[in-house]
Amino acid sequence: MATAAPRHTAPSDAHERALFVPFARELAAVAAAVIRPYHLTRIAVDAKADATPVTAADRRAEEVMRALIMQRFPDHGVLGEEFGEHLPGARYRWVLDPIDGTKSFVANTFLFGTLIALLRDGRPILGVIASPLTGHVLVGTGDAAWLGDTRVSARACPRIEDATLLTTDHFAVGRHHDGPAFEALARRARLYRTWGDCHGYFLVATGGADAMLDPVLSPWDIMAIVPVVEGAGGRITDWHGDDPVSGASLVATGDATLHDAVLAALGPPR
């Protein structure tokens, strides 16, 4: 098992927090206003080059967020899942996933959300997990996390046998990592469910679940999650215990002892 990555999210200073947290909430609100009317409408689904689904709701929500960022902070960069890079060399860069969990969205479930991150010098200092349907907006700054105006925290659970363990796609694990090791881990957990995508990390950060794992992810899936989980007092790494910001997978837990146990159970890189 790799040496655990240190907590690495640099807390934003008071000025940044006062400026950017309300703006991030505003971005979540404009995205939600776009997305909600499309839900339960049998919206057309297109396939992207990587065979993942995309809809008009994904594209339009990212467009309105990008436009607001460029209007309010024209010197900031943007990386979005649907429309790529803008000012990639900027010190401050917003990373957007307008609908994290498009498969859930088009299946008429509520297990999807909008992910918004702000990077400073390449590190996430602010993250948002927002639910367009429920109106929940979970904000993390690496040193704190709030659901609305209420401070939230992950829960203590040091043992796998007492844990609620989540993932997005059970079968995806075996395509990228040690499938039998994960199967054994899932069977040890008190409860194992696929309450996945960003909703799973929301549950860890708010104390509803203990571990959430994804075997392969893109930057727009990762960056917002890091300051939220860390802000709630949890621990987050990639699949092998290394820095998730430079990785392509996530293991998030509410308890550091549980995190070590989960990483040990997942086994060494194959």
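Residues numbered from 1 in each chain as written. Predicted model: local features only at pLDDT ≥ 70, side-chain atom pairs only at ≥ 80, totals over all residues. Heavy atoms only, no water.

1. Some details on the overall build of the chain
Per the secondary structure count, the chain includes nine helices and 15 strands. Projected onto the principal axes, the alpha-carbon positions of the chain cover approximately 50 × 45 × 35 Å. The burial tally for the chain puts 55% of its 270 residues in the buried class. For the chain, restricting intrachain contacts to residue pairs at least 6 apart in sequence, the fraction spanning at least 24 positions comes to 64%. Of the roughly 11100 Å² of accessible surface on the chain, 55% is carried by carbon and sulfur atoms. Taking the 25 positively charged and 32 negatively charged side chains of the chain as two groups, their mean positions are separated by 3 Å. (Helix = DSSP H or I, 4+ residues; strand = E, 2+ residues; numbered from the N terminus. Buried < 20%, exposed > 50% of the residue type's maximum accessible area, 1.4 Å probe, protein only. Contact = heavy atoms within 4.5 Å. Areas by Shrake-Rupley, 256 points an atom, 1.4 Å probe, with all protein chains shown as cover. Lys, Arg positive; Asp, Glu negative; His and termini not counted. Charge placed at Lys NZ, Arg CZ, Asp CG, Glu CD.)

2. A look at the sheet that holds strand S12 (residues 191-193)
Pairing between the strands of a sheet is mediated by backbone hydrogen bonds and can be parallel or antiparallel. Spatially, S12-S11-S13-S15-S14 is the arrangement adopted by the five strands of the open sheet, whose pairing is mixed. The two strands at the open ends of the sheet, each matched to only one other strand, are S12 and strand S14 (235-237). With direction set aside, neighbouring strand axes in the sheet form an average angle of 10 degrees. With respect to the sheet, helix H5 (residues 179-188) is in contact with strand S11 (164-167), S12 and strand S13 (211-214), its orientation differing from that of S11 by roughly 140 degrees. Contacts from helix H6 (residues 198-205) reach S11, S13 and strand S15 (250-253) within the one sheet, and its direction differs from that of S13 by about 155 degrees. (Pairing = 2+ DSSP bridges. Axes fitted to C-alpha atoms, helices over the stretch in contact; angles between N-to-C directions.)

3. Some remarks on the packing of aromatic side chains
Scanning the entire structure with this criterion turns up eight aromatic pairs. For the ring pair Phe20 and Trp94, a centre distance of 6.1 Å and an interplane angle of 80 degrees mean the geometry is edge-to-face. Residue Phe20 is found in helix H1 (residues 14-35), and its partner Trp94 is found in strand S5 (residues 92-100); the two are separated by 74 residues along the sequence. Overall, the relative accessible area of 5% leaves Phe20 in the buried class. Aromatic pair Phe23 and Phe73: ring centres 5.0 Å apart, planes at 80 degrees, arrangement edge-to-face. Of this pair, Phe23 sits in helix H1 while Phe73 sits in the loop between helix H2 (56-72) and strand S3 (77-80), placing them 50 residues apart in sequence. With relative accessibility at 3%, the residue Phe23 sits in the buried group. (Phe/Tyr/Trp six-rings, centres within 6.5 Å; stacked < 30°, edge-to-face > 60°.)

4. Overview of helix H9 (residues 256-266)
Listed as buried for H9 are Leu258, His259, Val262, Leu263 and Leu266. What you see down the axis of H9 is that its buried residues fit within an arc of 135 degrees, all on one side. Of the residues that open H9, the one with a side-chain oxygen 2.9 Å from the backbone nitrogen of Thr257 is Asp255. Positive phi appears at Gly267, one or two residues downstream of H9, with a value of about 85 degrees. (Arc of directions from axis to C-beta. Polar contact = N/O pair within 3.5 Å; in protein donor to acceptor, adjacent residues only side chain to side chain.)

5. Describing the nonpolar core
Counting 34 residues, the largest nonpolar core has Leu27, Trp94, Ile116, Leu126 and Val128 as the members making the most contacts within it. Among the elements of the structure, H1, H2, S5, strand S6 (113-120), strand S7 (123-130) and strand S8 (137-140) are those that each provide at least two residues to this core. Counting 31 residues, the second largest nonpolar core, distinct from the first, contains Val152, Ile222, Ala224 and Ile225. (Core = buried A, V, L, I, M, F, W, Y, C linked by side-chain atoms within 4.5 Å.)

6. Digging into the pattern of salt bridges
With the rule as written, the count across this model stands at 18 salt bridges. The salt bridge involving Arg17 is made with Asp143; its shortest N-O contact spans 2.8 Å. Of this pair, Arg17 sits in helix H1 while Asp143 sits in the loop between S8 and strand S9 (145-147), and the two are 126 residues apart along the sequence. The exposure class assigned to Asp143 is partly exposed, which follows from its relative accessible area of 37%. A salt bridge links Glu161 to Arg159, with the shortest nitrogen-to-oxygen separation between them at 3.9 Å. Take Glu161: its relative accessible area is 32%, and that puts it in the partly exposed class. We classify Arg159 as partly exposed; its relative accessible area is 43%. Residues participating in the shared-partner salt-bridge network are Arg159, Glu161, Asp162 and Arg188. (Salt bridge = Lys/Arg side-chain N within 4 Å of Asp/Glu carboxyl O.)

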